[in-house]
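Listed here are the chains, written in short residue letters.
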Amino acid sequence: MFTLDLRQAFREAGCPICRLRAKMDGRHLYNLLYENVTDGTTRMHIARSKGLCQEHAWELQAIEQEHWGNGLGVGIIYEDLASHVVGTLSAYLAANPEPRAARQARLRERLERSGFIRQWLGRRLLRPSPADSLLESLAAVEPCRVCELIGGLVEIKVGWLVEELADPEFLALYAASDGLCLPHLRRALALARDEEAVRWLAEVALNRLAPLAADAAEYVRKIDWSNRHEPKHPWEQVSWVRAVAFFSGEARAERKADVYELRRTALAEYHTRSKDMRPSCEGVYDTHCPGASWPDGMESSGALSRAGGRAAGRDRPCPG
Ligand SMILES: [Zn+2]
Ligand SMILES: [Zn+2]
């Protein structure tokens, strides 16, 4: 039965479509790690979208850590992406040495300051934004593949939900559920084919939202010092959290404590590492420091060495 998972989701807490979406996301990301890390098509899409979106990338990281206890798949995917971006940045810096860029900016400023024709020439002959070519190289040329695939499946589920509302038993199950969040309510309304379905969707939404709005108002009112002695109902105390869920969809499931711990450790390690990437030999690391060399495939840049040296500096201290 097509709607079996929907009927099941109606019995769970929160927006049923958000629940289904989270399950589909989890399954897809698990399969990606299990059998598609080295798949050419998957890798091509991930390269074209410059990684997954923020939400799915962190889901992927957490799923691998929780299921496999390491980051081999994520490491393979992101090492590949990172080396491409390193290549892009290195190529840009090699092709655009600082003096030329500074000269071009000064010339453009002079042209733009004097007269319409010169302004036009300045815009026409010199790039309007100095970052255009680099931006183009760093741009994602397609959206997150998981968003795209799961988004399509969610759309099918919402379509089934709307179609099945004509079935009294299905409608009763839906009416007893926690109702749709606003983003999914909008999708359901857009897919409704008759006014009856629109009315059912609106009615269920109103029945869920009106008490929530009243609870949130009470919560705010009772925070006031003059009303502090009034009894506070438990549902009022959490109404503000559920209001966020209604307007933005359900929050993602909590991960194991290890996942948060590893993320905190990674953040702290690389915060320290960034501080260590300072220039040696008084800021001219790559020209004056004989013990230094760039990691394979990276070219040095005068601008970068002045701005803060490079990662290799930490592991290979300047002998001078
Ligand atoms: Zn939802
Ligand atoms: Zn995504």
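Residues numbered from 1 in each chain as written. Chains lettered and ligands numbered in written order. Predicted model: local features only at pLDDT ≥ 70, side-chain atom pairs only at ≥ 80, totals over all residues.

A. Looking closely at the overall build of the protein. Secondary structure assignment for the protein yields 18 helices and 0 strands. Within the span of the protein, comprising 320 residues, buried residues form 20% of the whole. For the protein, long-range pairs separated by at least 24 residues make up 71% of all intrachain contacts whose partners lie at least 6 apart in sequence. (Helix = DSSP H or I, 4+ residues; strand = E, 2+ residues; numbered from the N terminus. Buried ≥ 20, exposed ≤ 12 C-beta atoms within 10 Å, placed from the backbone. Contact = placed C-beta atoms within 7 Å.)

B. Fine view of the packing of helix H4 (residues 54–68) against helix H15 (residues 257–276). For the pair H4 and H15, the least separation of the axes is 10 Å and the interaxial angle reads 120°. Taken together, the axes of H4 and H15 lie oblique to each other. Considering the relative orientation of H4 and H15, their crossing is right-handed. Counting all contacts with H4, which are made through Ala-62, Gln-65 and Glu-66, the residues of H15 involved are Asp-258, Val-259 and Leu-262. (Axes fitted to C-alpha atoms, helices over the stretch in contact; angles between N-to-C directions. Parallel < 35°, antiparallel > 145°, perpendicular 65-115°, else oblique. Left-handed = near helix turned anticlockwise from the far one by under 90°.)

C. Quick peek at the nonpolar core. Ranked by internal contacts, the top residues of the largest apolar core, which has 20 residues, are Ile-17, Val-162, Leu-180, Cys-181 and Ala-188. If you list the elements that add at least two residues to this core, you get helix H1 (4–11), helix H2 (16–35), helix H9 (145–164), helix H11 (182–191) and helix H12 (195–223). Beyond its immediate chain neighbours, meaning those up to four positions away, Cys-181 contacts Cys-15, Cys-18, Ala-245, Phe-246, Gly-249 and Glu-250. Counting residues in hydrophobic clusters, the runner-up holds 13 residues, among them Leu-32, Leu-33, Ala-62 and Ile-77. (Core = buried A, V, L, I, M, F, W, Y, C linked by C-beta atoms within 7 Å.)

D. Examining H1 more closely. Considered for burial, the residues of H1 that qualify are Leu-6, Ala-9 and Phe-10. Buried residues in H1, looked at end-on, bunch into an arc of 105°, giving them a common side. Turned more than 90 degrees away from the buried face of H1 sit Leu-4 and Arg-11, all of them exposed. Of the surrounding elements, those touching the buried residues of H1 are H2, H9 and helix H10 (168–176). (Arc of directions from axis to C-beta.)

E. Expanded view of unusual backbone geometry. The phi dihedral of Lys-50 is positive, around 50°, even though this residue is not glycine. Judged by the 15 C-beta atoms lying within 10 Å of it, Lys-50 is partly exposed.

F. Seen up close, the environment of Arg-255. Residue position: Arg-255 is located in the loop between helix H14 (239–248) and H15. Among the residues examined, Arg-255 registers 17 C-beta atoms within 10 Å and is labelled partly exposed. Separated by 193 residues in sequence, Arg-255 and Ala-62 have C-alpha atoms that sit 7.1 Å apart. Among residues more than four places away in sequence, those in contact with Arg-255 are Ala-62, Glu-66 and Tyr-260.

G. Focus on H4. Between its first and last C-alpha, H4 extends 21 Å over 15 residues, near the 21 Å set by a 1.5 Å rise per residue. Elements in contact with the buried residues of H4: H2, helix H5 (72–95), H9 and H15. At the C-terminal side of H4, Gly-69 shows a positive phi close to 70°. (Expected span 1.5 Å × (residues − 1).)

H. View of the packing of H1 against H2. The geometry of H1 relative to H2 is characterised by a closest axis approach of 8 Å and an angle of 115° between their N-to-C directions. The element H1 and its partner H2 pack so that their crossing is right-handed. Here Asp-5, Leu-6, Ala-9 and Phe-10 of H1 come into contact with H2, specifically with Pro-16, Arg-19 and Leu-20. Residues that form the contact of H1 with H2 fall into these classes: 5 nonpolar, no polar and 2 charged. (Nonpolar A, V, L, I, M, F, W, Y, C, P; charged D, E, K, R; others polar.)

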